[in-house]
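Spelled out from the first residue to the last, the chains are:
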Amino acid sequence: MGGLRGEYTNREIINSDVSTNYSLQRFDLFPTLHLSYSIKETNELMASYSRRINRPRGGDLDPVPSYRNRYSIRIGNPELEPEYTNSYELGYMKRFGESYFSFETFRRVTDNKISRIETLGEDGIYYQTVDNFNKDYSTGVEAMGNMSFTKWLLVNASVTVFKYRLTGEINDESIDRESTNWSSRMNTTFKFSSNSRMQIMGNYRAPSISAQGESKAMFFTNISYRHDLL
């Protein structure tokens, strides 16, 4: 399967509190290619390429200062550009009836990386904003299983391990950094009847680097119940 999407962006930011108007006009192409090869119906080899876009949010573009507290001011960047990711993936899938196991390797390169930065002013106040940096790179593997043990128990779990590298400059100083990251996720569904089910989900993300520091590990979980009345 192959595809090609064209997108024209015409963005203009007008603010009554700022004398300068900011505009962005560009045309982008987003190709996709997906290849698969089946072996005896239960094994499948897959390869894919895609180009993706991540646009700035409205708050990241707003140039009007936002006072978080007396020591911290957030200012958007109206000249912020979208970031673009080229993603390459190669995977294998094995099916077991209604269940499957997959293993995938990937390489993702992001240009115009959008990152948050913080600067300490001479007035002792921290100024927070966002800017485009050079690139970031993610290279790693992911293992995922979707196992239907019985008619009433379904477990979907995955583990991802990758090498992460960030490149660019802040105030003419290099921020080239790298780390080994990993994350895991598990989603368990209990089917009590055809119209009643409960779901338990857990997600863990290991520590990682950022443009000016590190993010600590994070774990969250939730439980939900669904009952269809009609």
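Residues numbered from 1 in each chain as written. Predicted model: local features only at pLDDT ≥ 70, side-chain atom pairs only at ≥ 80, totals over all residues. Heavy atoms only, no water.

Draft legend 1. Spotlight on the overall build of the chain. A tally of helices and strands in the chain yields one helix and 16 strands. Against the globule reference of 17 Å for 230 residues, the chain gives a C-alpha radius of gyration of 22 Å, more extended than a compact globule. In terms of its C-alpha atoms, the chain occupies a principal-axis envelope of roughly 65 × 40 × 40 Å. Relative to all contacts within the chain whose residues are 6 or more apart in sequence, the contacts with residues 24 or more apart total 53%. A total accessible area of about 15000 Å² is found for the chain, and carbon and sulfur atoms account for 53% of it. In the chain, which carries 28 positive and 28 negative side-chain charges, the distance between the mean positions of the two groups comes to 10 Å. (Helix = DSSP H or I, 4+ residues; strand = E, 2+ residues; numbered from the N terminus. Rg over C-alpha atoms; globule rule 2.2 N^0.38 Å. Contact = heavy atoms within 4.5 Å. Areas by Shrake-Rupley, 256 points an atom, 1.4 Å probe, with all protein chains shown as cover. Lys, Arg positive; Asp, Glu negative; His and termini not counted. Charge placed at Lys NZ, Arg CZ, Asp CG, Glu CD.)

Draft legend 2. Local environment of the packing of aromatic side chains. As enumerated under the stated definition, the model contains six aromatic pairs in all. Pairing Trp-182 with Tyr-204 gives two aromatic rings, centres 5.0 Å apart and planes at 45°, and the pair type is tilted. With a gap of 22 residues between them, Trp-182 in strand E12 (residues 177-193) and Tyr-204 in strand E13 (residues 196-205) connect regions that are remote in the sequence. Given the relative accessible area of 24%, Tyr-204 is considered partly exposed. Sitting over the ring of Phe-106, Arg-108 keeps its end group 4.1 Å from the ring centre. (Phe/Tyr/Trp six-rings, centres within 6.5 Å; stacked < 30°, edge-to-face > 60°. Buried < 20%, exposed > 50% of the residue type's maximum accessible area, 1.4 Å probe, protein only. Lys NZ or Arg CZ within 6 Å of the ring centre and 35° of its normal.)

Draft legend 3. Layout of the pattern of salt bridges. On inspection of all chains with the given rule, the structure shows 14 salt bridges. A salt bridge links Asp-60 to Arg-57, with the shortest nitrogen-to-oxygen separation between them at 3.7 Å. Residue Arg-57 is classed as exposed on the basis of its relative accessible area, which comes to 53%. With its nearest N and O atoms 3.2 Å apart, the salt bridge here joins Arg-108 to Glu-89. Taken together, the residues span a long stretch of sequence, with Arg-108 in strand E7 (residues 99-120) and Glu-89 in strand E6 (residues 83-96) at a distance of 19 residues. For Arg-108, a relative accessible area of 25% gives the class partly exposed. (Salt bridge = Lys/Arg side-chain N within 4 Å of Asp/Glu carboxyl O.)

Draft legend 4. The arrangement of the layout of surface pockets in detail. Put simply, the largest pocket is a space of about 310 Å³. Those elements that place two or more of their residues in the lining of the largest pocket are E7, strand E8 (126-148), strand E9 (153-167) and E12. The greatest single-element share of the lining of the largest pocket, amounting to three residues, is contributed by E12. A class-by-class count of the residues in the lining of the largest pocket yields four nonpolar, five polar and five charged. Surrounding the second largest pocket, Met-1, His-34, Leu-35, Ser-36, Glu-44, Met-46, Ala-47, Ser-48, Glu-89, Leu-90, Gly-91 and Glu-104 form its lining. Sorting the residues of the lining of the second largest pocket by element identifies strand E2 (22-39), strand E3 (43-54) and E6 as the ones contributing at least two each. Considering every element that reaches the lining of the second largest pocket, the biggest residue donor is E3, with four residues. For the lining of the second largest pocket, the residue count by class is five nonpolar, four polar and three charged. (1 Å grid on protein atoms, 1.4 Å probe; cavity = no way out; pocket = protein on both sides within 12 Å on 5 of 7 lines; lining within 4 Å. Points joined across faces, edges and corners; volume = space filled by probe spheres on them. Nonpolar A, V, L, I, M, F, W, Y, C, P; charged D, E, K, R; others polar.)

Draft legend 5. Geometry of the nonpolar core. Judged by nonpolar contacts, Phe-106, Ile-117, Phe-133, Phe-162, Tyr-164, Leu-166, Ile-170, Ile-175, Ile-209 and Ala-211 together constitute the single largest core of 10 residues. Of all elements in the fold, only E7 and E9 reach the threshold of two or more residues within this core. No other element matches E9, which puts three residues into this core. For Ala-211, the residues in contact, after removing those within four places along its chain, are Ser-115, Arg-116, Phe-133, Leu-166, Ile-170, Ile-175 and Arg-177. Counting five residues, the second-largest nonpolar core is a separate cluster that includes Ile-13, Leu-80, Ile-114 and Val-130. (Core = buried A, V, L, I, M, F, W, Y, C linked by side-chain atoms within 4.5 Å.)

Draft legend 6. Region of the structure containing a nonpolar patch on the surface. Residues Phe-96, Phe-101, Phe-103, Val-141, Val-159, Val-161 and Trp-182 make up a contiguous nonpolar surface patch of about 590 Å² in total accessible area. Breaking the nonpolar patch down by element, the ones donating at least two residues are E7 and E9. Tracing the backbone shows Val-141 in strand E8. (Patch = residues over 30% accessible without salt bridge, like charges linked within 9 Å, V, L, I, M, F, W, Y side chains within 5 Å.)

Treat this as a map of the structure, not an account of what it does.
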